[in-house]
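As a plain string of letters, each chain reads:
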Amino acid sequence: MQTIKQKRLGQIIMKDVTDIIQYDLKDPDVGFITVTGAKVSDDHSYATIYVTFLGKKERGAAGLKALDRAKGYIRSELAKRLDIRRCPEIIFEIDQTEENAKHIEEIIQTLHQNDTQK
C-alpha cells in the first residue's frame, strides 16, 4: 500500500512528465500519448509511469521505444522541476487497465447471455 507521500509524489511526477512530453519532447515517434498514472517505489528510487497510445498495439510499442530513448532527457527535466534530493529512475509501462476492463465486460456479457438462455 502506498503512503500519502508516495501518492502525492506520484501525482506530481505524473503532471510534470506529462508537461515534459507534451511541450519539451520533440520526438515524432512518441505520437499521441496519455500519461494515465505514476507509481513511486517505497524508497522513492523508482517511478513507474503508465502510458497509453492512440492507435494500434504496434503504435504503442514504437511509442514505448521512443520514450525509452528519451528517458534520460525526461529524467533530467524532471529533476529540475522536483524539489527532492534524488530524482527517481523512470520506468515506462503501457497501461493495461482499458484492455482488462474490456475483457471483464466480455466475460459479464457471456455470463449474461448464458443466464438468459436458461
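Residues numbered from 1 in each chain as written. Predicted model: local features only at pLDDT ≥ 70, side-chain atom pairs only at ≥ 80, totals over all residues. Heavy atoms only, no water.

### What about the overall build of the protein chain?
And step 1. Scanning the protein chain from N- to C-terminus turns up four helices and three strands.
And step 2. Helices (α) and strands (β) of the protein chain occur, in sequence order from the N terminus, as α-β-β-α-α-β-α.
And step 3. Taking 2.2 N^0.38 as the reference for a compact globule, 118 residues should give roughly 13 Å; the C-alpha atoms of the protein chain span a radius of gyration of 18 Å, well beyond that estimate.
And step 4. Once the C-alpha set of the protein chain is aligned to its principal axes, its extents read approximately 65 × 35 × 15 Å.
And step 5. Per-residue burial for the protein chain yields a buried fraction of 31% across its 118 residues.
And step 6. Put simply, of all contacts in the protein chain between residues at least 6 apart along the chain, 62% involve residues at least 24 apart.
And step 7. With an accessible surface of roughly 8,400 Å², the protein chain has 54% of that area assigned to carbon and sulfur atoms.
And step 8. Where the 19 positive side-chain charges of the protein chain centre and where its 19 negative ones centre are 4 Å apart. (Helix = DSSP H or I, 4+ residues; strand = E, 2+ residues; numbered from the N terminus. Rg over C-alpha atoms; globule rule 2.2 N^0.38 Å. Buried < 20%, exposed > 50% of the residue type's maximum accessible area, 1.4 Å probe, protein only. Contact = heavy atoms within 4.5 Å. Areas by Shrake-Rupley, 256 points an atom, 1.4 Å probe, with all protein chains shown as cover. Lys, Arg positive; Asp, Glu negative; His and termini not counted. Charge placed at Lys NZ, Arg CZ, Asp CG, Glu CD.)

### Comments concerning the pattern of salt bridges
And step 1. Enumeration according to the criterion identifies eight salt bridges in this entry.
And step 2. With its nearest N and O atoms 3.2 Å apart, the salt bridge here joins Asp27 to Arg69. Pair noted here: Asp27 is in the loop between α1 (4–24) and β1 (33–40) and Arg69 is in helix α2 (residues 57–69), with a separation of 42 residues, a long-range link.
And step 3. Measuring nitrogen to oxygen at the nearest pair gives 3.1 Å for the salt bridge that ties Glu77 to Lys80. Placement of both Glu77 and Lys80 in helix α3 (residues 71–81) is noted, with a separation of three residues, approximately one turn of the helix.
And step 4. Glu77 gets classed as buried once you look at its relative accessible area, which sits at 14%.
And step 5. Take Lys80: its relative accessible area is 63%, and that puts it in the exposed class.
And step 6. Shared partners join several salt bridges into a network, and the residues in it are Asp27, Asp29 and Arg69. (Salt bridge = Lys/Arg side-chain N within 4 Å of Asp/Glu carboxyl O.)

### Thoughts on the layout of surface pockets
And step 1. Roughly 330 Å³ of internal volume is contained in the largest pocket.
And step 2. Every residue lining the largest pocket is counted, 13 residues in all, and those nearest its centre are Phe53, Gly55, Lys57, Ile94 and Glu99.
And step 3. For the lining of the largest pocket, the secondary structure elements donating two or more residues are β2 (46–53), α2 and α4 (97–117).
And step 4. Partitioning the lining of the largest pocket into residue classes produces three nonpolar, four polar and six charged.
And step 5. What lines the second largest pocket is Lys5, Arg8, Leu9, Ile12, Asp43, His44, Ser45, Ile84, Arg85 and Arg86.
And step 6. Looking at the lining of the second largest pocket, its residues break down into three nonpolar, two polar and five charged. (1 Å grid on protein atoms, 1.4 Å probe; cavity = no way out; pocket = protein on both sides within 12 Å on 5 of 7 lines; lining within 4 Å. Points joined across faces, edges and corners; volume = space filled by probe spheres on them. Nonpolar A, V, L, I, M, F, W, Y, C, P; charged D, E, K, R; others polar.)

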